[in-house]
Amino acid sequence: MSFIGRLVAGTVAVLVLTIGLLLLVAGRTLRDDLEGDLARSLETEARLVEAALPEDASRWAETLRRLGQQSGHRAFVADRDGRLLAADPAAAADHLPADVSALPEVRAALATGTGADLRRPDAASPPELNVAVAFDRRVVHLAAPLDAVERTMRSARGALLGAAVLALLVGSLLAWLAGRTVAQPLTALTQATRAIAQGTLPRFPRSGIPDVDALVQAVRQMHRQLDERFHELTSEQAASAALVDAMVEGVIAADGRGRITTANPAARRLLGYAPGQALPDLRELFRAKAAREVVDRVLAGEPVQDRQLELDGRTVLVSARPLGSDGAMLVLHDVTEVRRLEAVRRDFVANVSHELKTPLTSISGYAETLLQDVPDAETTRRFLAIIVSNARRMQRLVDDLLDLSRIEAGRWQPRPEPVDVGAVVREVWATLAERAAQRGVAFTMDVPPDAATLVADPDAVRQVLTNLLDNSLRYTAAGGTIAARSRARDGGIELSVADDGAGIAREHLPRIFERFYRVDASRSREEGGTGLGLSIVKHLLEAHGGRVAAESELGRGTLIRCWFPAPIPD
């Protein structure tokens, strides 16, 4: 029920109760007053009857009849012993006992002078007021019906009921008006609180009622404080969300039931879920058994620190911490690249050590031989040539390592300028021509006019061509052919070196640009290679913003394509 309904109903209930009590009390009081007035009137009338009785007792009945007709009251006279002396013929004498002293009003009159009693003459008659007054020699008794009293009571009750109905109507109207006066600002205040809950701008009422205005002011102050705290929480939440989203580590939070509540982009990428894609429960998120064991432990309340797992081919460090009844949080750190770099570092150290060990062993062995023995001049000269060759091999290895280190560290930056492709190719091949002639390897060059000029670092172009041509010559058998070409392609210039040599098996192609990776390690070392040439080519191309790719089949030669982008106009 609404506030106005409750107020009107309460007011009507109070009014009904009050008016009912008033009607009851007023009716009883009015009846008592009317009956008292009638009793006093009958006492006065009894004295008048006593005075009007003649000396002749035989005439008393007629006198009582005449007086009864005038007043409408029935009367009788008895002596003080209670014997009936005379009665109004209309007084229904058959209802009067022979000894009237037994009547309550007569008994009281004989005792105190006056007496009254209210009773019905019989079951079918209305009640009557009986009054007796005792005199010196006799008792005068009068009986009056209560018709006048009943008429007065009915009239009074009608008036009171009309007034009560009017009071109820007026009270209900006033209660409705008062309730509306109070309810309207309360309703408006309710709408304002709903607007606060919905996040819209509330409108606070003004009622003019101090208590209601105080409540409105308190709600307005509460809204202001809630708004300030909401903005603070929103800012903190946005900052926390931005921080979590920006983390390179994957962060996953779940509630007490294991349902995922937070998963940042790094976690989704690591687990293979697209942004916005629904995630399963935490217990079903991982397929790996070790990962599920971590989830079971953390949901059981046991923290897990830096547990290394393999997830879909990636190495991940998982740290998990329970949040009590609120669930758990997992942090996934992808260390695949770190582990790869660690492996590369280990391989690099092992490869460098191995590459240096071979020439050092040769140098040391031949030098010790020269120190311990005194060989002939030809043997000495041959030993010294071997020592010099291995020293130069070590020098080339160290130089290549230094070049590769500078390029990878960003300490070397290309200085592009126009390069005559044909001139550079001829210049580089000239350094290899003698070796090629000794092995009977032919060389061709194809540089069309639209690809004759390349904008790049000249030294880098020379080093790229030197490494590619040297590799091709090393793996091309006697009587083979090496071809260098340039083509305009994709807005840049592509340099390619092709040979019809031994070729590379398909499974080796993805790794030939790694440092120290050798398809045929023994043959490469015999030819004096360092194992860093193609890696240097790759980094030089990438430093220019270009790319390198290899095509080869075992026994059918190799093609290396190097693409240099065109310069961006100023």
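Here the structure is a predicted model, which is why all the values come from computation and not from measurement.

K.L.:
Which residues make up the sheet that holds strand E7 (residues 260–263), and what are the values?
P.N.:
Read from one edge to the other, the open sheet built from 5 strands follows the order E7-E6-E10-E9-E8, with strand pairing classed as antiparallel. Unpaired on one side and paired on the other, E7 and strand E8 (304–311) mark the two borders of the sheet. Each adjacent strand pair in this sheet contributes to an overall mean axis angle of 20°, direction not counted. Relative to strand E9 (residues 314–322), E8 runs antiparallel, the two sharing 6 bridges. Looking at E9, one finds that glutamate 310 is bridged to threonine 315. Sheet strands in contact with helix H7 (residues 289–299) are E8, E9 and strand E10 (328–334), and its direction is about 155° off that of E8.

K.L.:
Can you lay out the sheet that holds strand E15 (residues 492–499) for me, pointing to particular residues and giving the numbers?
P.N.:
The 5 strands lie next to each other as E12-E14-E15-E17-E16, forming an open sheet whose pairing is mixed. Edge positions in the open sheet fall to strand E12 (442–446) and strand E16 (547–552), since each of these has one partner strand only. Strand-to-strand twist across the sheet, computed as the mean angle between neighbouring axes with direction ignored, equals 15°. Inspection of the sheet shows E16 paired to strand E17 (residues 558–565) by 6 bridges, in the antiparallel sense. Note on E17: the bridge partner recorded for alanine 549 is arginine 561.

K.L.:
Please provide a residue-by-residue account of the confidence of the model for the chain, values included.
P.N.:
The predicted model of the chain averages 81 in pLDDT, with 90% of residues at 70 or higher. Contacts for the low-pLDDT stretch residues 521–528, under 50 throughout, to residues beyond four places or in other chains number 16 contacts.

Cut-off values and rules
- Residues numbered from 1 in each chain as written.
- Predicted model: local features only at pLDDT ≥ 70, side-chain atom pairs only at ≥ 80, totals over all residues.
- Heavy atoms only, no water.
- Pairing = 2+ DSSP bridges.
- Helix = DSSP H or I, 4+ residues; strand = E, 2+ residues; numbered from the N terminus.
- Axes fitted to C-alpha atoms, helices over the stretch in contact; angles between N-to-C directions.
- Contact = heavy atoms within 4.5 Å.
- pLDDT = per-residue confidence, 0-100.

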